[in-house]
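Inside the fold
As a plain string of letters, each chain reads:
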Amino acid sequence: NVPVFNGIEKVKETKKQATLTRKERLLNLEKAFGVTDRKSVKGKKFVIVDDVTTTGATAETVAKRLKKAGAEKVFLITVASLPPKDKY
């Protein structure tokens, strides 16, 4: 009985992340996501569920958008993580 929030959308096409460093990934994803329903975000806590986290750039970008829209807290749960090539 956990509600699922579907109010995040990709609003900008981006390069494939696989070959990019963490810094390049963050720049690539800048302004790539938008919150479609800000009223549903304000004051709430969110959990981002990711199957694999490499650099965390996508989750960080989405979390920043949620916080900017008024989310109280944002957490990340990931099933697997891989060390990035640039060893941030």
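Computed from a predicted structure; not experimentally measured.

Cut-off values and rules
Residues numbered from 1 in each chain as written. Predicted model: local features only at pLDDT ≥ 70, side-chain atom pairs only at ≥ 80, totals over all residues. Heavy atoms only, no water. Salt bridge = Lys/Arg side-chain N within 4 Å of Asp/Glu carboxyl O. Helix = DSSP H or I, 4+ residues; strand = E, 2+ residues; numbered from the N terminus. Buried < 20%, exposed > 50% of the residue type's maximum accessible area, 1.4 Å probe, protein only. Core = buried A, V, L, I, M, F, W, Y, C linked by side-chain atoms within 4.5 Å. Contact = heavy atoms within 4.5 Å. Patch = residues over 30% accessible without salt bridge, like charges linked within 9 Å, V, L, I, M, F, W, Y side chains within 5 Å. Areas by Shrake-Rupley, 256 points an atom, 1.4 Å probe, with all protein chains shown as cover. Lys, Arg positive; Asp, Glu negative; His and termini not counted. Charge placed at Lys NZ, Arg CZ, Asp CG, Glu CD. Phe/Tyr/Trp six-rings, centres within 6.5 Å; stacked < 30°, edge-to-face > 60°.

**A look at the pattern of salt bridges**
Across all of its chains, the model carries two salt bridges by this definition. Across the salt bridge formed by Lys-64 and Glu-60, the nearest N and O atoms sit 3.3 Å from each other. Separated by four residues within a single helix, Lys-64 and Glu-60 lie in helix α2 (residues 57–68), roughly one turn from each other. According to the relative accessible area criterion, Glu-60 is partly exposed, its value standing at 25%. Within this structure, Arg-22, Glu-60 and Lys-64 form a network of salt bridges that share partners.

**With respect to the nonpolar core**
Of all hydrophobic cores here, the largest spans 13 residues; its most connected members are Val-41 and Leu-66. Elements supplying a minimum of two residues to this core: β2 (33–35), β3 (45–53) and α2. Per-element tally for this core: the top contributor is α2, with four residues. Those residues in contact with Leu-66, other than ones at most four positions away along the chain, are Phe-5, Ile-8, Val-35, Val-41, Phe-46, Ala-71 and Val-74.

**Brief notes about a positive patch on the surface**
On the surface, a cluster of positive charge is made up of Lys-12, Lys-31, Arg-38, Lys-42 and Lys-68. With respect to the secondary-structure elements, Lys-68 resides in helix α2.

**What about the packing of aromatic side chains?**
Applying the stated rule across the entire model yields one aromatic pair. Ring centres 5.2 Å apart and planes at 65° place the aromatic pair Phe-5 and Phe-46 in the edge-to-face group. Taken together, the positions of Phe-5 in the segment before β1 (8–10) and Phe-46 in strand β3 put the pair 41 residues apart, joining distant regions of the chain. Residue classification places Phe-5 among the partly exposed positions, given a relative accessible area of 27%.

**Here's the deal with a nonpolar patch on the surface**
A contiguous nonpolar patch, built from Val-47, Val-49, Phe-75 and Ile-77 and spanning about 390 Å² of accessible area, is present on the exposed surface. Considering the arrangement of structural elements, one finds Val-49 in strand β3. With a relative accessible area of 65%, Val-49 lands in the exposed category.

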